[in-house]
Amino acid sequence: MNKDIKYFGIDISRLVFDVTDSEGNYYQFKNNEFGFKKFSKLLGCSSHCVMEATGYYHYQLAYHLLELGTKVSVENPLSVKRFIQMGLSKVKTDKSDSKLICAYAEQVELKLWKGNSKNDIECLQIVRTLSVYTKQSTMLKNKLHGEAVLGNPSKEVVRSLKRSLKQLQKEMADLEDKLLALVKTEHQDLLTRLKTIPGIGPKTAIMLIVLTGGFNRFTNASELCSYAGLTPVIRQSGSSVKGRPRISKMGNQKLRNLLFMCSFNACKYNRACRDLYERIVAKGKSKKLALIAVCNKLLKQAYAIAKSGLIYDGNYKSTLVKK
């Protein structure tokens, strides 16, 4: 804890946000521009605001504070939740949450939030929309299959479903083209180099760049793996309780799922990943554990390529060569 810094724990909801500072003072403001300005009057050059990543609700306040030059940290909700659980608090209110977030800020090492460029924000919005459209597309396909199974499907219903599916697929294709264009404007070279990694295709390379901010938000590969939730958690207590190691799952689920899907091809075509997979399975470990290790390996390869300016070469000892 830095005694020269005044921390503000912020708990945000759709309509209001609750604030507790290092001195124990509690405030509540409306979650709009008027509330932001009132809250800003409490801040000084030594202020550090800490909040949870709450879907969309925290963005406007976080960017407002960033524009003022105030230090901002946006923390993983699971990290804060576990800290609160360790406090064994029996009272659950917005006021208590902001107080506990402030206590969390005083006791952990915080990372400053830098926000995203307009290009990055638009890319993330497109990715989220594509995720929604993909689910809707699956629902329509399942509905079409269900109608066919009935044996006597309504022609009007089938035509309507097919029209909707066709329109949805067109919207998805347009958004994917737009996403590719946006990524190429800032990361054309990185995109080309990532695609040289066996197991990582064009769409995966694009998603890696978007979800990691072009790998610029991370100082090392281990930090990136933690962000993806691929770091192991060891459960051990004394000599009697020894739980099986498992991944934390505290990071970006979309990135983790993406890498897991890539791991199957990586085991076939990526020599380093294949050797790692076979070595782990040969030790009697589960195939799922081996695939998770491959995910970790793939992410580290991607990070190394992003930071080094090199491309993948399976015949080279370090798997990287100059372009």
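The structure displayed is predicted, hence computed values, not measured ones.

Asker: Run through the pattern of salt bridges, naming residues and quoting values.
Answerer: If the charged atoms of two oppositely charged side chains come close together, the side chains can form a pair. Applying the stated criterion to the full structure yields eight salt bridges. A salt bridge links Glu23 to Lys6; the shortest N-O distance between them is 3.9 Å. With Glu23 in the loop between β2 (16-21) and β3 (26-30) and Lys6 in strand β1 (residues 6-12), this pair connects stretches of sequence that are 17 residues apart. Given the relative accessible area of 24%, Lys6 is considered partly exposed. As a salt-bridge pair, Glu223 and Lys111 come within 2.4 Å of each other at their nearest N and O atoms. With a gap of 112 residues between them, Glu223 in helix α8 (residues 221-227) and Lys111 in the loop between α4 (94-107) and α5 (118-149) connect regions that are remote in the sequence. Classification of Glu223 as partly exposed rests on a relative accessible area of 24%.

Asker: Go over helix α3 (residues 77-86) with me, naming the residues and quoting the values.
Answerer: Along α3, the residues classified as buried are Val80, Phe83 and Ile84. Along the axis of α3, the buried residues cluster in a sector spanning 100°; they form a single face.

Asker: Now, about the pairing of β3: what can you tell me, with residues and values included?
Answerer: The side chains of a regular strand alternate between the sheet's two faces. As judged from the five bridges shared by β2 and β3, these two strands associate in the antiparallel manner. Looking across to β3, one finds that Val16 is bridged to Lys30. Here β2 hands over to β3 after four residues, with Gly24 in that stretch at a positive phi of 90°.

Asker: Outline the sheet that holds β2, listing residues and values.
Answerer: The strand order across the open sheet built from five strands is β3-β2-β1-β4-β5, with neighbouring strands paired in mixed fashion. Of all the strands in the sheet, just β3 and β5 (71-75) have a single pairing partner and so form its edges. For this sheet, the mean angle separating the axes of adjacent strands, direction not counted, is 25°.

Asker: Give me the environment of Lys114: which residues, what numbers.
Answerer: Mapping Lys114 onto the fold places it in the loop between α4 and α5. Judged by its relative accessible area of 73%, Lys114 is exposed.

What counts, and where the lines are drawn
- Residues numbered from 1 in each chain as written.
- Predicted model: local features only at pLDDT ≥ 70, side-chain atom pairs only at ≥ 80, totals over all residues.
- Heavy atoms only, no water.
- Salt bridge = Lys/Arg side-chain N within 4 Å of Asp/Glu carboxyl O.
- Helix = DSSP H or I, 4+ residues; strand = E, 2+ residues; numbered from the N terminus.
- Buried < 20%, exposed > 50% of the residue type's maximum accessible area, 1.4 Å probe, protein only.
- Arc of directions from axis to C-beta.
- Pairing = 2+ DSSP bridges.
- Axes fitted to C-alpha atoms, helices over the stretch in contact; angles between N-to-C directions.

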